[in-house]
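# Residue-level structure breakdown
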Amino acid sequence: MTKTTALIFGHNKYAYEIIKNVKDKYNSIKVYSLDDNDKKEGLYDVELFDLSDEWEDIENNVDIENSIAFCALEDPSENIFLTISLRSSFKNLTIITIASNKENSDKLKMAGATKVIPIVETTSDIIANVLEKPVSNKVLHSILYEESDLKIAQIKIDDTSHFKDEKLKSIDWTRYNGILVLSVMHEDMQSEFIYSNKAKEHVIKSGDILVIVGYEKDIQEFENLIGSKRYVNWSHWSR
Amino acid sequence: MIKSLILDAAYFLNTSKKYQSFKNFFYNILENDKCKYKRYIDIFMILLIFISVGVLIREVKHHVNDYLMFFSNYVISIIFFIEYMLRLWVNSSVSEIIVKRAEHDTFLLREVNLYKAFKEIAKVKLSYMASPKAIIDLLAILPFFHELRLLRIFILFRVFKLFRYAKSLQILSSVLATKKFEFFTLGIFAFVVIFISSVLIYVMEGNRADSPVDTLFEALYWAIVTISTVGYGDIVPVTSEGRFVSIIVIIAGIAVLAFTTSLFVSAFTEKLEEIKEIKTIENIAKLKKFYLICGYENVAREVARKLSKSGHNIIVLDEDTQRVENAKLDGYTTLNYNPGNKESYEKLNIDMKKQLKGVLCLRENDVDNVYAALTIRSLNKDVMILSLLNNDANRNKLEFVGINKIVYPQELVGLITKELVGKPVAFEVIHELRSEDSDVIIDEIGITKRIVENFPTVGDLNNKHYSIVLLGVYKHEKDRFYFNPLDSTLLEAGDYLLVIGYQVYIKEFEKYLHTRVHDD
């Protein structure tokens, strides 16, 4: 299910970049800051919040069920406290949070974050990739960040899909030229690379998700052929 | 007439490129540590020294083969003589001194005074000949006159020549040279004590019939044996006065010994860091390829770990002592140099073009990154520089100094969130492919001429047999990526295959690509 509101906690460069990249995907963006000065300076309408908040204000004004929270406070301890605070009040809220290092990342996971983006790890991964595998890095970057027509998509197999109850290895993938299937995520949320022995023997069930790469036109054709659509569901991320 | 001939010859030699490069060649192999051939010359000379000493030792009780004797006495001496003359030649330039003098006199509208030029040449050459190293070189040639039996002992001077060829011995002498004054004081003190005590013991015991001290030389020998705390006991004072002198000498001996030990220890302690640094720079010079990381903070630490895990050599430069300590503790070759200082790279003494894979400016401060990048760019225009950007407002400054790749963490976080919220599962898959701990990876395989000969098209690759997904072919020349290419797609040398699969399968596949031969 698609969320409608993005709650951005923090008023800094990380928050700006997050807003810039996700603003088209949500009906409304709400930015919260701890600092009163941010209300005057910011590019966005900033609302104040307090770490000791009981979240009543937000609860009354926002449809929490259909919201996603981004915790981007620069102080790691404040970010952790905010995550704990949000999680304790909203059990099902999707919380994406930034972490400066591995230690904070672990703490944030314990605090109940749905997904943690470790900044140092991610940055160093990118740098190492740029140096060691420049070509694949360039290609993956363009696929991931939609700089080319090549896209990565996830397709959910449902009851009406032609693939349902078929063995992965029995499917003639050449019929679906134009797309590559990278991985299958089973209903039990275990992701398997397509060529692993386990995946080959896997019988496709309703609820499985195929991760595919291809051009938009081919992906659409693939959707029509197998009778399933692209799908996003955050519940696939266990906490 | 002769004068003009000399002047012409001097001008000719001074301007002749051939002569200068010839002389330069000999200078490099004899004196320039950066010259790679010098090492071989040094090893050869050390070998000659050991042969000489070996022959000397063998000769004491055994007959030495005549050819070997001839080699030791004549051939080695001649080689050393040639070396001595070459060093004397390359040490200074006679032609340059004459030309300088001629220019000087002509400028002042005087007649060229060659006498002064020759005086200057003699001064320069003699000052070289009087240097300890040159004297040792000369003495090492003397065994040539082996008929004079005493001169044979000069073979041992060849051992002193080791100081020339072995870097560690040079370091030892340079360390001890830092305590020149203290050693001089110690020498004076020891001399005074030995002198007074030997005279005293001679006066006290020289005329006693039961005393073993008969001559002043015996008194001197006793004093030295005692002050060094060796105490053979072959010469022992018999009178009370003599024993009293012994007490004084023994106490002074302990002082001399303690003083000497402390001098050695303190000289080495003070120089230890410098010695380590010299050794580190020497080791760096031996590396074929490495990444230079400027600044060692959080991101740098992780990047260094990842690159080092993949087998790359890492050198860290940082001006902060604490960060240098951290890098050393993490096991990297680290120098406490300022990455923004030209002098650091001069001291580092590396060939940027050949040795550097790339420079990574990873300080969490844009000013320092720009400064370091600018310094490196001023030294080399082509080296690949990657820099961390901490504030987007500074991006154009980083671009201006010619940084090839800029990594801005905030932007990355933004892009990741965009992908995360759109396709979380797909993102996880890609993330997994990039992760260093994952079994399934994305890899790139370079296509060589040999591979093209065996596998002309994509269809020939047979990647499915190896359970490998061929994501596409990257054509380097066209800078274009062909996703999921048709079997008929032609492969060319220089292309890259982007493959996804288990690491072991990819390795097997790569091996297969490189080893297969035509099976017509």
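When helices and strands are tallied, chain A shows nine helices and 10 strands. Within chain A, the proportion of its 239 residues that are buried is 55%. A sequence separation of at least 24 residues applies to 62% of the contacts in chain A between residues at least 6 apart. About 11200 Å² of surface is accessible on chain A, with carbon and sulfur atoms providing 45% of the total.

To continue, consider the sheet that holds strand E2 (residues 28–33) of chain A. Residue and element names in this part refer to chain A. Taking strand neighbours across the sheet as the criterion, the six strands line up as E3-E2-E1-E4-E5-E6 in an open arrangement whose pairing is parallel. Among the strands making up the open sheet, the edge pair consists of strand E3 (46–48) and strand E6 (115–118). Averaged over all adjacent pairs, the angle separating strand axes in this sheet is 25 degrees, with direction ignored. Relative to E6, strand E5 (residues 94–99) is paired through four bridges, and the arrangement is parallel. Looking at the pairing, Thr97 lines up with Val116 of E6.

Looking now at the sheet that holds strand E3 (residues 333–335) of chain B. Across the sheet, which stays open at both edges, the six strands sit in the order E3-E2-E1-E4-E5-E6 (chain B) with parallel pairing between neighbours. Since the sheet does not close on itself, it has two edges, and those belong to E3 and strand E6 (405–407) of chain B, each with one partner. The average angle at which neighbouring strand axes cross in this sheet is 20 degrees, direction not considered. Each of strand E1 (290–294), strand E4 (356–361), strand E5 (385–388) and E6 of chain B touches helix H6 (residues 119–132) of chain A; the most contacted strand, E5(B), lies at about 170 degrees to it.

Quick look at the packing of aromatic side chains now. Residue and element names in this part refer to chain B. Taken as a whole, this structure holds 18 aromatic pairs over all chains when the rule is applied. Relative to Tyr74, the ring of Phe70 has its centre 5.1 Å away and its plane inclined at 40 degrees; by these criteria the two rings are tilted. Here Tyr74 and Phe70 lie together in helix H4 (residues 66–91), a separation of four residues that amounts to about one turn. For Phe70, a relative accessible area of 48% corresponds to the partly exposed category. Judged by its relative accessible area of 24%, Tyr74 falls in the partly exposed class. Ring centres 5.7 Å apart and planes at 55 degrees place the aromatic pair Tyr466 and Phe509 in the tilted group. Placement of Tyr466 in the loop between helix H22 (449–454) and strand E8 (469–475) and of Phe509 in helix H23 (residues 503–515) is noted, with a sequence separation of 43 residues between them.

What follows covers the nonpolar core. Generally speaking, nonpolar side chains in soluble globular proteins are found buried as a group. Within the largest apolar cluster, 52 residues are counted, with the highest numbers of intra-cluster contacts made by Ile8(A), Phe70(A), Ile152(A), Leu471(B), Phe481(B) and Ile500(B). Ranked by residues supplied to this core, first place goes to helix H21 (residues 424–434) of chain B with six residues. Counting residues in each nonpolar core, the second largest holds 28 residues, with Cys294(B), Cys361(B), Val370(B) and Tyr408(B) among its members.

Conventions and cut-offs
Residues numbered from 1 in each chain as written. Chains lettered and ligands numbered in written order. Predicted model: local features only at pLDDT ≥ 70, side-chain atom pairs only at ≥ 80, totals over all residues. Heavy atoms only, no water. Helix = DSSP H or I, 4+ residues; strand = E, 2+ residues; numbered from the N terminus. Buried < 20%, exposed > 50% of the residue type's maximum accessible area, 1.4 Å probe, protein only. Contact = heavy atoms within 4.5 Å. Areas by Shrake-Rupley, 256 points an atom, 1.4 Å probe, with all protein chains shown as cover. Pairing = 2+ DSSP bridges. Axes fitted to C-alpha atoms, helices over the stretch in contact; angles between N-to-C directions. Phe/Tyr/Trp six-rings, centres within 6.5 Å; stacked < 30°, edge-to-face > 60°. Core = buried A, V, L, I, M, F, W, Y, C linked by side-chain atoms within 4.5 Å.

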